[in-house]
Amino acid sequence: MNDKKIFQHLFATAKKSKDPRGIVSACLITDSKIVVSFPSGDDGKIHAEDRVISEVENKNLIDGSSILYCTVEPCSKRATEGMADCVSRIIRSGIKHVVYGARDPMHSQITKQRLKEAGITIKQVSDKNLIKKSAKIFNESAEEPNVIKKPLG
Ligand SMILES: [Zn+2]
């Protein structure tokens, strides 16, 4: 699986969501295969990463090769009280690698710092078209001030 194929799968998965706060799609790759994928929830609260991590934890699908792919950079703080941010969930899950599409300026700096401190690699996908499409999917469903204006960072 290359990045392009993985993101095409994420874009198809995003079509299943009606998230009014900006559609995000995520999947876990283990042994070069997509093992679980989900878009963000229709309620605007459950993040795509929440759904993927819950499922892969339940099914024990994480190993050293696992990479979490997401169309938007994971959050380091939640607006919804009582819910763990995605960075905390990633750290606790044992996932060691993250690849994202669009940069999220609201979270980027702290997200990168916390993951790095936890020994987790995070990088933006290199293909600019995949980054722009990730931002477009988010922005077409999100309202100000959440809209991502500079997805390339
Ligand atoms: Zn999140």
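Just above sits the structure.
Reading the values: the criteria
Residues numbered from 1 in each chain as written. Predicted model: local features only at pLDDT ≥ 70, side-chain atom pairs only at ≥ 80, totals over all residues. Helix = DSSP H or I, 4+ residues; strand = E, 2+ residues; numbered from the N terminus. Rg over C-alpha atoms; globule rule 2.2 N^0.38 Å. Buried ≥ 20, exposed ≤ 12 C-beta atoms within 10 Å, placed from the backbone. Contact = placed C-beta atoms within 7 Å. Pairing = 2+ DSSP bridges. Axes fitted to C-alpha atoms, helices over the stretch in contact; angles between N-to-C directions. Parallel < 35°, antiparallel > 145°, perpendicular 65-115°, else oblique. Left-handed = near helix turned anticlockwise from the far one by under 90°. Nonpolar A, V, L, I, M, F, W, Y, C, P; charged D, E, K, R; others polar. Right-handed = clockwise from strand over helix to strand, strands pointing away.

**Details of the overall build of the protein chain**
No. 1: Counting secondary structure elements, the protein chain contains 5 helices and 5 strands.
No. 2: Order of helices (α) and strands (β) in the protein chain, N terminus to C terminus: α-β-β-α-β-α-β-α-β-α.
No. 3: For 153 residues, the compact-globule estimate of 2.2 N^0.38 gives 15 Å, and the C-alpha radius of gyration of the protein chain, at 14 Å, lies within 12% of that figure.
No. 4: Along the three orthogonal principal directions, the C-alpha set of the protein chain runs to about 35 × 35 × 25 Å.
No. 5: Within the protein chain, buried positions represent 40% of all 153 residues.
No. 6: For the protein chain, the share of sequence-separated contacts (at least 6 apart) that also reach a separation of at least 24 residues comes to 66%.

**Describing the sheet that holds strand S2 (residues 33–39)**
No. 1: Reading across the sheet, the 5 strands line up as S2-S1-S3-S4-S5 and stay open at both edges, with mixed pairing between neighbours. Both edges of this open sheet fall to S2 and strand S5 (121–124), since each of them pairs with a single strand only. Ignoring which end each strand starts from, the neighbouring axes of this sheet average 20° apart.
No. 2: Sitting on the sheet, helix H2 (residues 48–58) is in contact with strand S1 (25–30), S2 and strand S3 (67–72), with an inclination near 135° to S2.

**A look at the packing of H2 against helix H3 (residues 86–93)**
No. 1: Viewed as axis vectors pointing N to C, H2 and H3 meet at an angle of 20°, and their least axial separation amounts to 10 Å. In terms of their interaxial angle, H2 and H3 are classed as roughly parallel. By crossing handedness, the relation of H2 to H3 is classed as left-handed. The segment H2 lies against H3, with Glu49, Asp50, Ile53 and Glu57 engaging Cys86, Arg89, Ile90 and Ser93.
No. 2: Taken together, the residues of the contact of H2 with H3 sort by class into 3 nonpolar, 1 polar and 4 charged.

**As for the pairing of S3**
No. 1: Most of S3 sits out of view: 5 of its 6 residues are buried.
No. 2: One ladder, built from 4 bridges, connects S1 with S3; its direction is antiparallel. Residue Ile29 lies in a different strand from S3, and its bridge partner there is Ile67.
No. 3: Pairing analysis gives 5 bridges linking S3 to strand S4 (residues 97–102), with the strands arranged parallel. In the strand pairing of S4, Cys70 is matched with Tyr100.
No. 4: For the crossover from S3 across H3 to S4, the handedness is right-handed.

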